[in-house]
Amino acid sequence: MARSNNSKVVPESKKALDILKYEIAAELGLPVGKHMSLNADTEFATELGAIPSTSIKEDYWGHISSRDAGAVGGTITKRLIQRAEEVLFSL
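Residues numbered from 1 in each chain as written. Predicted model: local features only at pLDDT ≥ 70, side-chain atom pairs only at ≥ 80, totals over all residues. Heavy atoms only, no water.

**Comments concerning the nonpolar core**
Core analysis: the biggest nonpolar cluster contains nine residues, these being Leu20, Ile24, Ala25, Leu30, Val32, Trp61, Ile64, Val72 and Ile76. Elements that contribute at least two residues to this core include exactly helix H1 (13-27) and helix H3 (66-89). A per-element tally of this core places H1 first, with three residues. (Core = buried A, V, L, I, M, F, W, Y, C linked by side-chain atoms within 4.5 Å. Buried < 20%, exposed > 50% of the residue type's maximum accessible area, 1.4 Å probe, protein only. Helix = DSSP H or I, 4+ residues; strand = E, 2+ residues; numbered from the N terminus.)

**Remarks on the pattern of salt bridges**
Side chains that carry opposite charge are capable of pairing whenever their charged atoms lie near each other. For the structure on display, the rule yields four salt bridges. With a closest N to O distance of 2.4 Å, Arg79 and Glu27 form a salt bridge. You can see Arg79 sitting in helix H3 and its partner Glu27 sitting in helix H1, a full 52 residues away along the chain. Three or more residues are tied together by salt bridges with common partners; here these are Lys14, Asp18 and Lys21. (Salt bridge = Lys/Arg side-chain N within 4 Å of Asp/Glu carboxyl O.)

**Things to note about the confidence of the model for the chain**
Predicted confidence across the chain gives a mean pLDDT of 76, with 65% of residues reaching 70 or more. Of all helices and strands in the chain, the one with the weakest mean pLDDT is helix H2 (residues 40-48) (46), whereas H3 scores best (95). Between residues 35-53, whose pLDDT stays under 50, and residues either more than four places distant or in other chains, the model counts 13 contacts. (pLDDT = per-residue confidence, 0-100. Contact = heavy atoms within 4.5 Å.)

**Considerations on the environment of Ile76**
For Ile76, the position within the fold is in helix H3. Residues Ile76 and Ala25, 51 residues apart in the sequence, show an inter-C-alpha distance of 10.0 Å. For Ile76, the residues in contact, after removing those within four places along its chain, are Leu17, Leu20, Lys21 and Ile24.

Structure representation (structure tokens):
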């Protein structure tokens, strides 16, 4: 049975998943997070007013391709399964 809302089963996991997401993005060389530099197109668009500068956030992923975002999600899943297996096999 699928859940109809977007709530987490363990709400406390959000911070840990965010840390993992940005760690993986950094490993893949994706320019996201607090240390990302805006690319010239986005910076130019904010100067022209085409994109409000208030809409550009530290966790902006709009310039990342679907393929790259999917690679991050797939790697997150892979690592979570690896960690679960490590815990199960260590018992």
